[in-house]
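Residue-level listing of the chains:
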Amino acid sequence: MKYKSFTLHNFRQIPQIEKLSEEQKFAIETVGNVLPFRVSNYVIDELIDWDNFENDPFFILTFPQKGMLSEYRFEKIAGLLKNGASHSELTGAINKIRLDLNPNPAGQERNVPVFEGKRLNGIQHKYRETMLFFPTQGQTCHSYCTFCFRWPQFALNDFRFAMKEAELMVRYLRSQPEITDVLFTGGDPAVMKTRFFEHYFNALLDANIPHLKNIRIGTKALTYWPYRFTNDDDADDLLRLFEKVKKKGVNIALMAHLNHPGELKTKAVKNAIDRLLNAGVQIRSQSPLLKNINNSSSVWAENWKLQLTLGIIPYYMFIARNTGAQNYFAVTLEQAWRIYKNAFKQVSGIHRTVRGPSMSTNPGKIQVLGISEIMEEKVFVLTFLQARNPNWVGRPFYAAYDEDALWLDDLLPAFNKEEFFFEESTRIFNFQN
Ligand SMILES: *Cc1c(COP(=O)(O)O)cnc(C)c1O
Ligand code: SF4
């Protein structure tokens with residue numbers, strides 16, 4: 001299969017789109033003007049069940065849905081489109097909505113390190129051991145996920161976090177002996193040609209940095225464009241490069257976004273997994289918990305079981321971030337915990353490498369351990385899986401129970417405390433200064 005993608009401007013040419021009513025197509029157009037929209041021929045032809053597209057997880061995950069905008073905002077954009085509003089009027093309304101959708105959650109600017117007097121705009125270094133690297137060529141994706149928290153970078157063309165210079169990355173890494181992991185992220189770095197991977201990986205390997213133990217690639221390509229690892233022109237070269245990393249004594253891990261068991265069933269994806277495993281690549285899975293997609297414990301249990309059968313290690317279950325179309329996908333913290341617990345208890349210990357449900361917040365990755373009652377107060381029991389301050393990790397803390405809470409911002413400390421234990425130190429602590 002040769003890669004082809006469709007966007008707002010040509011999606012009406014997708015043959016299967018004839019199954020949609022005019023109203024449904026117009027809804028895609030309306031929402032697609034605000035939130036990014038791009039879908040590959042593989043998702044269209046191999047993943048979406050067009051006989052049942054309205055309930056199909058991959059249709060909802062890639063095609064903008066009416067409910068992703070509030071009724072007011074939807075009608076506003078729909079009205080402008082119908083009345084043939086001027087370009088500037090339309091753009092003004094679109095930008096206003098985008099800015100209201102919390103385009104830059106969790107204070108990501110704070111993670112950009114200052115090095116040799118300059119901000120390194122393609123790097124984020126939030127957790128001591130792991131540095132994120134945003135290669136310039138890897139800042140788009142084969143298809144765009146409608147839940148994605150990186151949506152502003154596609155919609156607003158804001159490539160704020162991207163970087164070209166391999167040499168500067170290596171210098172920064174060398175200067176930080178506590179970093180063991182370099183995580184390539186985006187966008188999706190797997191949209192890059194192999195020659196760019198070679199450029200970055202060779203720079204890392206040639207530098208012989210003893211504290212570099214793991215190179216990770218965060219990607220959705222395994223299931224949205226599996227041919228990246230099989231039939232693409234430079235797929236063989238990519239696998240050879242992965243083998244080289246492994247031979248050099250550095251672990252290579254593919255951090256695969258896997259939202260639903262349905263994406264692990266095609267021949268192409270199985271083929272891709274086999275080739276990666278044979279090249280010595282470790283595959284780990286992560287996904288947000290999403291209403292309308294996978295908010296059921298049996299879907300998660302099935303997904304983890306299938307992953308193990310295929311050789312994938314379940315890694316993270318995330319809570320949908322407070323950005324973009326969050327309302328459409330949001331699951332309360334309580335529901336998230338129940339789904340996790342009920343899925344977890346259905347599977348054997350070998351699957352229980354997965355951790356969650358976890359919120360990626362400004363202070364760190366916060367796991368909802370459960371709901372309990374302490375001194376006659378109903379509370380959420382929480383802990384840090386990752387934190388800006390490594391000393392916070394693993395320390396339980398408590399928030400007042402709130403059945404509607406969706407995110408850390410909705411929570412108050414339990415027992416009438418003024419603030420959570422980490423708030424005071426957040427004001428004064430940053431491990432880099
Ligand atoms: C999740 C995350 C990482 C990786 O954390 P691990 O627990 O090591 O997988 C690194 N940096 C940021 C900013 C993250 O959100
Ligand atoms: S592949 Fe990842 S970065 Fe790209 S749209 Fe999906 S969630 Fe976002």
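Residues numbered from 1 in each chain as written. Chains lettered and ligands numbered in written order. Predicted model: local features only at pLDDT ≥ 70, side-chain atom pairs only at ≥ 80, totals over all residues. Heavy atoms only, no water.

Asker: Looking at this structure, how should I read the sheet that holds strand β9 (residues 251-257)?
Answerer: Two orientations exist for strands paired in a sheet by backbone hydrogen bonds: parallel and antiparallel. The strand order across the open sheet built from 11 strands is β5-β6-β7-β8-β9-β10-β11-β12-β13-β14-β15, with neighbouring strands paired in mixed fashion. Strands with a single pairing partner mark the edges of an open sheet, and in this sheet they are β5 (123-127) and β15 (397-400). On average, adjacent strands in this sheet sit at an angle of 30 degrees to one another, irrespective of strand direction. Relative to strand β11 (residues 313-319), strand β10 (residues 282-289) is paired through six bridges, and the arrangement is parallel. Note on β11: the bridge partner recorded for Gln286 is Tyr316. Docked against the sheet, helix α12 (residues 297-310) engages β10 and β11, running at close to 150 degrees with respect to β11. (Pairing = 2+ DSSP bridges. Helix = DSSP H or I, 4+ residues; strand = E, 2+ residues; numbered from the N terminus. Axes fitted to C-alpha atoms, helices over the stretch in contact; angles between N-to-C directions. Contact = heavy atoms within 4.5 Å.)

Asker: Even after reading the chapter, I still don't get helix α14 (residues 333-344), so can you show me in this structure?
Answerer: Since the α-helix packs 3.6 residues into each turn, any two residues three or four apart lie on the same face. Taking 1.5 Å of rise per residue, 12 residues should cover 16 Å, and α14 covers 16 Å from first to last C-alpha, within 8% of that figure. Buried residues along α14 sit against β10, α12, β11, β12 (355-360), β13 (364-374) and β14 (377-387). (Expected span 1.5 Å × (residues − 1).)

Asker: Sorry, what's going on with the packing of aromatic side chains here?
Answerer: For any pair of aromatic rings, the description consists of the separation of the ring centres together with the inter-plane angle of the planes. According to the stated counting rule, one finds 38 aromatic pairs in the structure shown. Taking the centre distance of 5.6 Å and the plane angle of 40 degrees together, the rings of Phe384 and Trp392 count as tilted. There is no split in this pair, since Phe384 and Trp392 are both buried. When the ring of Trp392 is compared with that of Phe422, the centres are 6.0 Å apart and the planes differ by 45 degrees; the resulting orientation is tilted. Taken as a pair, Trp392 in the loop between β14 and β15 and Phe422 in helix α15 (residues 421-428) lie far apart in primary sequence, 30 residues in all. Given a relative accessible area of 5%, Trp392 falls into the buried group. (Phe/Tyr/Trp six-rings, centres within 6.5 Å; stacked < 30°, edge-to-face > 60°. Buried < 20%, exposed > 50% of the residue type's maximum accessible area, 1.4 Å probe, protein only.)

Asker: Got a minute to help me understand the site of ligand 2 in this structure?
Answerer: Around ligand 2, the surrounding shell holds eight residues, and the nearest of these are Cys141, Cys145, Cys148, Lys220 and His257. Residue composition of the shell around ligand 2, grouped by class: five nonpolar, two polar and one charged. (Near = heavy atom within 4 Å. Nonpolar A, V, L, I, M, F, W, Y, C, P; charged D, E, K, R; others polar.)

Asker: Please explain α12 as it appears in this structure.
Answerer: For α12, spanning 14 residues, the distance from its first C-alpha to its last is 20 Å, which sits close to the expected 20 Å at 1.5 Å a residue. Contacts made by the buried residues of α12 are with α11 (267-278), β10, β11 and α14.

Asker: Would you take a moment to explain the domain arrangement of the protein chain for this structure?
Answerer: Interface size is often expressed as the accessible area that is lost when the parts come together. The assigned domain composition of the protein chain is domain 1 (5-100) and domain 2 (105-428). The gap between the C-alpha centroids of domain 1 and domain 2 is 27 Å. Between domain 1 and domain 2, the buried area comes to about 2,300 Å², and carbon and sulfur atoms account for 68% of it. Taken as a group, Arg38, Tyr42 and Leu61 account for 31% of the area that domain 1 buries against domain 2, more than any other trio of residues on that side. Connecting domain 1 to domain 2 are seven residue pairs in polar contact (both at pLDDT 80 or more). (Domains from an automatic or database assignment. Buried area = accessible area lost by both parts, 1.4 Å probe. Polar contact = N/O pair within 3.5 Å; in protein donor to acceptor, adjacent residues only side chain to side chain.)

Asker: How should I be thinking about a negative patch on the surface in this particular structure?
Answerer: There is a patch of like negative charges on the surface, built from Glu403, Asp404, Asp409 and Asp410. In this fold, Asp409 is placed in the loop between β15 and α15. (Patch = residues over 30% accessible without salt bridge, like charges linked within 9 Å, V, L, I, M, F, W, Y side chains within 5 Å. Areas by Shrake-Rupley, 256 points an atom, 1.4 Å probe, with all protein chains shown as cover. Salt bridge = Lys/Arg side-chain N within 4 Å of Asp/Glu carboxyl O. Lys, Arg positive; Asp, Glu negative; His and termini not counted. Charge placed at Lys NZ, Arg CZ, Asp CG, Glu CD.)

Asker: It is not clear to me how the site of ligand 1 should be interpreted in this structure. Could you clarify?
Answerer: Taken together, Lys126, Tyr127, Thr130, Leu132, Arg216, Tyr315, Tyr316, Lys365 and Gln386 form the complete shell of residues around ligand 1. A distance of 2.7 Å separates an oxygen atom of ligand 1 from a polar side-chain atom of Tyr315. A distance of 2.6 Å separates an oxygen atom of ligand 1 from a polar side-chain atom of Tyr316. In isolation ligand 1 has 390 Å² of accessible area, and contact with the protein removes 87% of it. Elements with a minimum of two residues in the shell around ligand 1: β5, β6 (130-133) and β11.

Asker: Please clarify how unusual backbone geometry should be interpreted in this entry.
Answerer: The general pattern is negative phi for most residues beyond glycine and trans for most peptide bonds. Note the cis peptide between Gly186 and Gly187, where omega equals 15 degrees. As for its placement among the helices and strands, Gly187 is situated in the loop between β7 (181-184) and α8 (194-206). Cis geometry marks the peptide bond from Gly356 to Pro357; its omega dihedral reads -15 degrees. Topologically, Pro357 is positioned in strand β12. The backbone of Glu116 shows a phi angle near 50 degrees, a positive value even though the residue is not glycine.

Asker: When you look at the pattern of salt bridges in this model, what are you seeing that I'm missing?
Answerer: Any two side chains of opposite charge can pair if their charged atoms end up close together. Overall, the coordinates contain 15 salt bridges when judged by the stated rule. Across the pair Glu22 and Arg12 runs a salt bridge whose closest N-O atoms are separated by 3.2 Å. Of this pair, Glu22 sits in helix α1 (residues 22-32) while Arg12 sits in the loop between β1 (5-7) and α1, and the two are 10 residues apart along the sequence. What emerges from the salt-bridge pattern is a single network uniting Arg12, Glu22 and Glu29.

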